[in-house]
Amino acid sequence: MTQENVLEALKNVTYPGFTKDIVTFGFVKDVLVNGTTVGLTIDITSSADEVKAQLRDEATSELKKLGFEQIQINVKAPQAPKQMSNSVSGKNIAPHVKNFVMVSSGKGGVGKSTTSVNIAIAMAMQGKKVGLLDADIYGPNIPRMMGVDGQKPEIQGNKVQPLKAYGVEIMSMGSLMEDGQSLIWRGSMIMKAIEQFLRDILWSELDVLVIDMPPGTGDAQLTLAQSVPVTAGITVTTPQEVSLDDSRRSLDMFQKLHIPTAGIIENMSGFICPSCDEESDIFGMGTTVPVAKEYDTDVIARIPIEPAIRVGGDTGMPVTYHKPDSETAKRFQEAASTLLAFIDKVNAEGGADNSAVQPTTPPGVSACSTGAGAASAPAKEHDHSGGGCGCN
Ligand SMILES: Nc1ncnc2c1ncn2[C@@H]1O[C@H](COP(=O)(O)OP(=O)(O)O)[C@@H](O)[C@H]1O
Ligand SMILES: [Mg+2]
């Protein structure tokens, strides 16, 4: 009997849940045949014990049919993710990511995605392992801004490989759907999508995962805060009073969700003229500092309006990477350094902790219902924030 006979026989073993067999998938390796003895490795992507057992049983029976007497099958599967996170308190469904940064804003169009992209790239340029999750399920712009629009991620078993650009791992609803397609999101679907982004994407062991949130304060923010300990929150605002009003809501949300606030990024703050490089004031400037003080935090960057930022976003060539000498790139680099220092400080003081924002209702009962289920739910002693519900 030969290697070819073995591979031919193993084509009868399909991978659980798929129509393709393990040979076609390329999972069968190192086949060694010696008389009626055979040894081989099955290298799979799932670490589930049932999958391993089923493949071993089916492969053994196929090889017995061929007449082998001694059968050695080594099933190699990825290790379950190591606990890497700096935080050990509360719930963490992505423990191989060390730190999570939530980028939020009160309203859309203020530069949240632009900030997420450039801060993520700046941290990667500073040598960190960085991921960028586009959790703005209503308006997923990250693929275009990172220049990976049109690329489809590779599926491995029931997990998805992130895309990669500028040294940053990327995942977005925009990469999983057809262009221009929309979904009508229910609360429960939002929760599921956020959880899957954290659990079912094959993120590496990241130092930081930057998460670009939908605008406002809603189900996505609450689910994220309940699923992983968020190490730092950043609010992006423009300098106009109307935008600042919304930013206060965002900062208040960080406090309610027990997310340490890294600071505010004042975007579209002044205009740098492309022909003379001079900075002028359009939307107002410096109006954000008093708001930061109200919430005991700082303005960590002022990013001017600069045509290169918009062009960089539209063409998938972010300024921080492509124009590293520009004033804007330098400011994003500084903001990234400040953020990394803040993350170190939070971790030195014990790390982020989301135990106070866990749902206080039994499984299956909506935390937002006012009925008997919610009323009879055991409240945690130290939960003074009302954050367990999130709708007050
Ligand atoms: N500082 C800036 N200068 C010039 N254009 C900017 C600046 N910040 C954002 N933009 C542009 O404004 C638009 C909205 O920004 P975006 O990051 O998508 O906002 P959000 O994610 O908050 O909705 C994008 O076209 C972006 O390129
Ligand atoms: Mg956006």
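Further up the page is the structure itself.
Residues numbered from 1 in each chain as written. Chains lettered and ligands numbered in written order. Predicted model: local features only at pLDDT ≥ 70, side-chain atom pairs only at ≥ 80, totals over all residues. Heavy atoms only, no water.

### Remarks on the pairing of strand 12 (residues 261-272)
- Most of strand 12 sits out of view: 10 of its 12 residues are buried.
- Here strand 12 pairs with strand 13 (residues 279-280) via two bridges, running antiparallel. The residue of strand 13 that forms the bridge with Ile272 is Glu279.
- Hairpin connection of strand 12 to strand 13: six residues between the antiparallel strands, including Asp277 at a positive phi of 65°. (Buried < 20%, exposed > 50% of the residue type's maximum accessible area, 1.4 Å probe, protein only. Helix = DSSP H or I, 4+ residues; strand = E, 2+ residues; numbered from the N terminus. Pairing = 2+ DSSP bridges.)

### Digging into the site of ligand 1
- Close to ligand 1 lie 16 residues, the nearest being Gly109, Lys112, Ser113, Thr114 and Pro304.
- A distance of 2.6 Å separates an oxygen atom of ligand 1 from a polar side-chain atom of Thr114.
- When ligand 1 sits alone it has 550 Å² of accessible area, and the protein chains cover 83% of it.
- According to the grid-proximity analysis, the pocket containing ligand 1 is the largest pocket.
- When residues of the shell around ligand 1 are traced back to their parent elements, those giving at least two are helix 3 (112-125), strand 12, strand 14 (299-305) and helix 10 (307-315). (Near = heavy atom within 4 Å. Polar contact = N/O pair within 3.5 Å; in protein donor to acceptor, adjacent residues only side chain to side chain. Areas by Shrake-Rupley, 256 points an atom, 1.4 Å probe, with all protein chains shown as cover. 1 Å grid on protein atoms, 1.4 Å probe; cavity = no way out; pocket = protein on both sides within 12 Å on 5 of 7 lines; lining within 4 Å. Sits in = over half its atoms within 2 Å of the grid points.)

### Brief notes about the state of the cysteines
- Under the criterion given, the structure shown has zero disulfides.
- The thiol sulfur of Cys273 is not disulfide-bonded, and the nearest other cysteine sulfur, from Cys276, lies at 3.4 Å. (Disulfide = S-S within 2.5 Å.)

### Concerning the layout of surface pockets
- There is about 890 Å³ of room inside the largest pocket.
- For the largest pocket, the lining is made up of 48 residues, of which Ser113, Pro140, Asn141, Arg144 and Met145 are closest to its centre.
- Every element with two or more residues in the lining of the largest pocket is listed here: helix 3, helix 4 (142-145), helix 5 (173-176), strand 12, strand 14 and helix 10.
- Examining the composition of the lining of the largest pocket, we find that seven residues originate from one element, helix 10, more than from any other.
- Here the residues of the lining of the largest pocket are counted per class, giving 20 nonpolar, 17 polar and 11 charged. (Points joined across faces, edges and corners; volume = space filled by probe spheres on them. Nonpolar A, V, L, I, M, F, W, Y, C, P; charged D, E, K, R; others polar.)

### Some thoughts on the environment of Val110
- Here Val110 shows up in the loop between strand 4 (99-104) and helix 3.
- Sequence-distant contacts of Val110, defined by excluding residues within four places in its chain, comprise Ser105, Val236, Thr237, Thr238, Ser243, Asn267 and Met268. (Contact = heavy atoms within 4.5 Å.)

### Side note on the side chain of Thr320
- Positionally, Thr320 belongs in helix 11 (residues 319-322).
- Accessibility expressed as a relative area gives 0% for Thr320, which makes it buried.
- A distance of 2.7 Å separates the side chain of Thr320 from the side chain of Asn118, its partner in a polar contact.
- Apart from residues no more than four positions distant in its own chain, Thr320 is found in contact with Asn118, Ile121, Ala122, Met125, Ala329, Phe332 and Gln333.

### Observations regarding helix 1 (residues 3-10)
- For helix 1, the full list of buried residues reads Val6, Ala9 and Leu10. Summarising the axial view, the buried residues of helix 1 lie within an arc of 95°, below the 170-degree limit, and thus occupy one face. Among the exposed residues of helix 1, those pointing more than 90 degrees away from its buried face are Glu4 and Glu8.
- Tucked into the core, helix 1 has its buried residues touching strand 1 (28-34), strand 2 (37-43) and helix 2 (49-66). (Arc of directions from axis to C-beta.)

### Re the pattern of salt bridges
- Counted according to the given criterion, the structure contains 18 salt bridges.
- For Lys159, the salt bridge identified is with Asp200, shortest N-O distance 3.9 Å. Pair noted here: Lys159 is in strand 7 (residues 159-160) and Asp200 is in the loop between helix 6 (187-199) and strand 10 (208-212), with a separation of 41 residues, a long-range link.
- Linking Arg331 and Glu327 is a salt bridge whose minimum nitrogen-to-oxygen distance equals 2.9 Å. Of this pair, Arg331 and Glu327 both sit in helix 12 (residues 327-348), four residues apart, roughly one helical turn.
- Owing to a relative accessible area of 14%, Arg331 belongs among the buried residues under this scheme.
- One continuous salt-bridge network, built from bridges that share partners, spans Lys107, Asp246 and Arg249. (Salt bridge = Lys/Arg side-chain N within 4 Å of Asp/Glu carboxyl O.)

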